[in-house]
Amino acid sequence: TSELWATAYVGLFLLDLIWPTLSRTLVQYFQCRNLDAAGEWLEADYRIRCKDANGELDATYATYRVIVGFAAVVISIGVPLGFLALVHAYRRRAAVDTKVSGALGWMIDPYRAGKQWWFTAEMARVLLLSSCVGLFADSCWLKIMAAQLISLVFLVVFMVYRPYRSALHHYLQLGAMCVPVASM
């Protein structure tokens, strides 16, 4: 198992890095644009028809929609929950085991005791802003308002709980979170 912990850092970090893009790409499969008499077509790829002009679901799109929907749920929600489970299960062991600390320290060490949940909360914020806002909001102004509201809520939670140990981490995160809120 020591080899597993040695490679876990790179694997988990890469998963954290590609997760938002992968989630957004999967969610885009459900964003179809109505082109009136031409039917509905996938916004991400206009070669794929979602519905015909009568509103009937395209058979090929319907088949892939089930598969992509399953993958979107598993990846979009499963990855943050998996990270939360890892942090919860191994945070005490990471304090004494250098291999575990090396693999999971970047998800545990920056946070104050009892505030390790912020890593998962931050992943939820990224998921909401990168994938869900576009899925549930049709108009541009509604997307902007939803993104600003989500950003404001997470900023308030961040300010109340102050999850980081380091003042530098706190102010860097605060600055990054203020940008969308300040654009109101």
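Refer to the structure above for everything that follows.
Here, residues in each chain are numbered from 1, in the same order as that chain's written sequence. Residues qualify for local features only when their pLDDT is at least 70, as the model is predicted, and side-chain atom pairs are given and counted only at 80 or more; totals for whole chains, interfaces and linings, by contrast, use all residues. Neither water nor hydrogens contribute to the side-chain values; these are computed over all heavy atoms in the structure.

Caption draft 1: Representation of the packing of helix α1 (residues 2–27) against helix α4 (residues 118–136) within the structure. Where α1 meets α4, the closest approach of the two axes is 9 Å, and the angle between their N-to-C directions is 25°. Judged on the interaxial angle alone, α4 and α1 are roughly parallel. The two elements α1 and α4 meet at a crossing, and its hand is right-handed. Where α1 approaches α4, its residues Asp16, Trp19, Pro20, Ser23, Arg24 and Val27 are matched on the opposing element by Phe119, Met123, Val126, Leu127, Ser130, Ser131 and Leu135. Following the grouping adopted for this structure description, the nonpolar residues are Ala, Val, Leu, Ile, Met, Phe, Trp, Tyr, Cys and Pro, the charged ones are Asp, Glu, Lys and Arg, and the polar ones are all others, Gly among them. Here the contact of α1 with α4 is composed, by residue class, of eight nonpolar, three polar and two charged. Working convention: axes come from line fits to C-alpha atoms, limited for helices to the stretch in contact. Angles between N-to-C directions cover 0 to 180 degrees. Counting from the N terminus, the helices are DSSP H or I runs at least four residues long and the strands are E runs at least two residues long. Reported orientations rely on four angle classes, namely roughly parallel under 35 degrees, roughly antiparallel over 145, roughly perpendicular from 65 to 115, and oblique for the rest. The crossing is said to be left-handed when, going from far helix to near helix, the turn is anticlockwise and less than a right angle, and right-handed when the turn is clockwise. Note on contacts: a residue pair is in contact if any heavy atoms of the two residues lie within 4.5 Å.

Caption draft 2: Quick look at the layout of surface pockets. Cavity: a set of points on a 1 Å grid over the protein atoms alone where a 1.4 Å probe fits but cannot get out. Pocket: an open set with protein on both sides within 12 Å along at least five of seven lines, its lining residues, like those of a cavity, having an atom within 4 Å of a point. Grid points are joined across faces, edges and corners, and a volume is the space filled by probe spheres set on the points. Space inside the largest pocket adds up to approximately 230 Å³. As for the largest pocket, its lining consists of 15 residues, of which Asp16, Tyr111, Phe119, Glu122 and Tyr164 are closest to the centre. Elements that contribute at least two residues to the lining of the largest pocket include exactly α1, α4 and α6 (167–182). When its residues are assigned to classes, the lining of the largest pocket shows eleven nonpolar, two polar and two charged.

Caption draft 3: View of the packing of aromatic side chains. Centres within 6.5 Å are what make two rings of Phe, Tyr or Trp a pair, Trp counting through its six-membered ring; a difference in plane orientation under 30 degrees is then read as stacked, over 60 as edge-to-face, and the rest as tilted. As enumerated under the stated definition, the model contains 13 aromatic pairs in all. Residues Phe83 and Phe119 carry aromatic rings whose centres are separated by 5.7 Å and whose planes lie at 40° to one another, so their mutual orientation is tilted. Of the two residues, Phe83 sits in helix α2 (residues 59–94) while Phe119 sits in helix α4, which places them 36 residues apart along the sequence. When sorted by exposure, Phe83 lands in the same class as Phe119, which is buried. Ring centres of Trp117 and Tyr161 lie 5.3 Å apart, and the angle between their planes is 90°; this geometry places the pair in the edge-to-face category. Linking Trp117 in the loop between α3 (98–108) and α4 with Tyr161 in helix α5 (residues 140–161), this pair joins segments that are 44 residues apart in sequence. Using a 1.4 Å probe on the protein chains alone, a residue whose accessible area is under 20% of its type maximum counts as buried, one over 50% counts as exposed, and one in between counts as partly exposed. Using a relative accessible area of 38% as the deciding quantity, one classes Tyr161 as partly exposed. Feature note: the residues Tyr111, Trp117, Trp118, Phe158, Tyr161 and Tyr164 constitute an aromatic cluster, connected by ring pairs.

Caption draft 4: Just a nonpolar patch on the surface, in detail. Residues enter patches when their relative accessible area tops 30% and they take part in no salt bridge; the joining distance is 9 Å for like charges and 5 Å for the nonpolar side chains Val, Leu, Ile, Met, Phe, Trp and Tyr. Shrake-Rupley sampling with a 1.4 Å probe provides the accessible areas, and residues are treated as covered by the protein chains on show and by no other component. By salt bridge we mean one thing: a side-chain nitrogen of Lys or Arg within 4 Å of a carboxyl oxygen of Asp or Glu. On the surface, a cluster of nonpolar side chains totalling about 690 Å² of accessible area is made up of Tyr9, Val10, Phe13, Leu14, Leu15, Leu17, Ile18 and Leu22. Among the secondary structure elements, Leu15 is positioned in helix α1.

Caption draft 5: Structural context of the sheet that holds strand β1 (residues 32–34). Strand pairing requires that DSSP identify at least two bridges connecting the strands. The strand order across the open sheet built from three strands is β1-β2-β3, with neighbouring strands paired in antiparallel fashion. The strands lining the two open edges of the sheet, one partner per strand, are β1 and β3 (49–51). If you compare each strand with its neighbour and ignore which way they point, the axes differ by 35° on average. By the bridge criterion, three bridges tie β1 to strand β2 (residues 40–42) in an arrangement that is antiparallel. Residue pairing for β2: Cys32 is matched across the bridge by Leu42.

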